[in-house]
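Here is how the chains run, residue by residue.
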Amino acid sequence: MATLRERIDDIDERILELIGRRLEAARAIGRIKQQAGITVVDNRREGEIFKRLLSLKQEPLKTGSLYRIFRSIIGAGRSVQKQKSETDALPIYAVFGDPIGHSLSPVMHNSALAQAGLDGCYLACRVKDIAAAVNGIRGLGLGGASITIPHKITVMEYLDQVDSLAADIGAVNTVVNRQGVLHGYNTDCSGAVKALADKTVIDGHDVALVGAGGAARAIGFGIRQAGGGLTIINRTIEKGEKLASDLDCDFKPLSEIKELPYGIIVNATSVGMAPRDDRVPLDTDLLERKTVVMDSVYNPLKTRFLTQAANKGCTTIDGVAMFVNQGAVQFELWTDRKAPVDVMRRVVLDELATP
Ligand code: ATR
């Protein structure tokens, strides 16, 4: 161990020396910018730096870590160029949920902000009291927040405005702070629809949606809006019937499923999620080859459900597609900038990859 520590000390010294040289170069550029009257922060150049670094990245460095490290180095460069950040205060975003420890939203959004060359920082907050947390958005002047389990429904009563789609769904997963007015949105819905629409046509096709919780509600609304003929399948009959009635669609109890004659099947339950990843939400022997199968579970990336569906010849869509799409819409709501979706997906896939 002593030898390894010596090696690390030696590497740290070399890194420090290289950072010093990088900052010297940045300072020289700063002087040129000053003479030419150009602002220090150059979003496009920063985006290009990250793109280049990504192409050079080697294992075992994770994509999210690369963004974290070089964001700090670029920040140090900006600071020797003697210009404060263009905004008064660093925009802060957060995800409120409980539990929150395993959320991939921070690494995804921080990397996206860095790639876009935007100031800002995204934190994970374990929130028990959502009313107090929403007041915190106002008090601290946060730019916005992601809302996750178990607060997606209760958060609505503390916001100033709720977008009509989110109100229809009955759940908010995104808060945007516009000059102190808090607006609620649901991006789970459009995220899921986009993930499906990227691989298949929803309009006019029969879609089975397994589950009747908050996730199913958002996805079901999206599918109905996109013109899909929807059937809810759920273990608990009352919950399934309630959602089917809200969405004006069919319902089938899970226990009575003997065939799956649907063009698209979506799992919106947590069945198959790690650590209990040996389970499947439906009898996969019933799957037909032409069916498109989407799972909203993204950990593991290849759920047993998707693996068995792929073995049957079905087209499969993993849960990361949905997760990244809903995050991309959040990013665009907060920043008014196009989300670097490819980077976001890469960061999330990298985090999910087994070491
Ligand atoms: P979320 O808001 O994330 O969707 P939820 O409200 O707890 O979470 O809903 C979870 C969904 O997964 C429900 O439809 C639940 O079925 P029930 O209505 O019967 O509870 C479904 N679910 C969870 N575990 C399940 C299991 N082992 N088998 C079948 N369905 C399950």
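None of these values were measured; they are calculated from a predicted model.

Draft legend 1. Representation of the environment of Lys242. Here Lys242 lies in helix α9 (residues 237-247). Residue classification places Lys242 among the partly exposed residues on the basis of a relative accessible area of 48%. In this structure the C-alpha to C-alpha distance between Lys242 and Met322, which are 80 residues apart in sequence, comes to 24 Å.

Draft legend 2. Broad picture of the pattern of salt bridges. By the definition in use, this model includes 15 salt bridges. Across the pair Glu59 and Lys57 runs a salt bridge, and its minimum N-O distance is 4.0 Å. Here Lys194 and Asp198 are joined by a salt bridge, their closest N and O atoms 3.0 Å apart. Here Lys194 falls in the partly exposed class, since its relative accessible area comes to 43%. Overall, Asp198 belongs to the exposed group, its relative accessible area being 53%. The network of salt bridges with shared partners includes Glu46, Arg78 and Asp119.

Draft legend 3. Highlighting helix α10 (residues 304-311). Within the sequence span of α10, burial applies to Phe305, Leu306 and Ala309. Taken down its axis, α10 places every buried residue within 95° of arc, on the same side. Turning to α10, the residues buried within the fold contact β10 (264-267), β11 (292-295) and β12 (315-317). Just downstream of α10 lies Gly313, where phi reads positive at about 95°.

Draft legend 4. Spatial organisation of the sheet that holds strand β8 (residues 229-234). An order of β9-β8-β7-β10-β11-β12 is seen for the six strands of this open sheet, with the pairing classed as parallel. Two strands close off the open sheet at either side, each with one partner strand: β9 (250-253) and β12. Each neighbouring strand pair of the sheet contributes to a mean axis angle of 20°, computed without reference to strand direction. With four bridges connecting them, β10 and β11 associate as parallel partners. Looking at the pairing, Asn267 lines up with Asp295 of β11.

Draft legend 5. Looking closely at the nonpolar core. Counting residues in hydrophobic clusters, the biggest one holds 32 residues, and the most contacted among them are Ile232 and Val266. If we skip the residues at most four places from it in the chain, Val266 touches Leu196, Val207, Ala208, Leu209, Val210, Ile219, Ile223 and Met294.

Draft legend 6. Examining the packing of helix α3 (residues 63-80) against helix α4 (residues 105-115) more closely. Look at α3 against α4: their axes get within 9 Å of each other, and the N-to-C directions meet at 50°. Classified by the angle their axes make, α3 and α4 are oblique. For the crossing formed where α3 meets α4, the hand is left-handed. Taking contact as the criterion, the partners of Gly64, Tyr67, Arg68 and Arg71 in α3 are, on α4, Val107, Asn110, Ser111, Leu113, Ala114 and Gln115. Looking at the contact of α3 with α4 residue by residue, the classes come out as four nonpolar, four polar and two charged.

Draft legend 7. Broad picture of the pairing of strand β5 (residues 174-178). Judged by how many residues are buried, β5 sits mostly within the fold: four of five residues are covered. Of the pairings in the sheet, the one linking strand β3 (residues 144-147) to β5 comprises three bridges and is antiparallel in character. Bridged to Ala145 within β5 is Val175. Bridging between β5 and strand β6 (residues 181-185) involves five bridges; their strand directions are antiparallel. Bridging across to β6, Thr174 finds its partner in Tyr185. The antiparallel hairpin formed by β5 and β6 contains two residues in its connecting segment, where Gln179 sits at a positive phi of about 50°.

Criteria and thresholds
- Residues numbered from 1 in each chain as written.
- Predicted model: local features only at pLDDT ≥ 70, side-chain atom pairs only at ≥ 80, totals over all residues.
- Heavy atoms only, no water.
- Helix = DSSP H or I, 4+ residues; strand = E, 2+ residues; numbered from the N terminus.
- Buried < 20%, exposed > 50% of the residue type's maximum accessible area, 1.4 Å probe, protein only.
- Salt bridge = Lys/Arg side-chain N within 4 Å of Asp/Glu carboxyl O.
- Arc of directions from axis to C-beta.
- Contact = heavy atoms within 4.5 Å.
- Pairing = 2+ DSSP bridges.
- Axes fitted to C-alpha atoms, helices over the stretch in contact; angles between N-to-C directions.
- Core = buried A, V, L, I, M, F, W, Y, C linked by side-chain atoms within 4.5 Å.
- Parallel < 35°, antiparallel > 145°, perpendicular 65-115°, else oblique.
- Left-handed = near helix turned anticlockwise from the far one by under 90°.
- Nonpolar A, V, L, I, M, F, W, Y, C, P; charged D, E, K, R; others polar.

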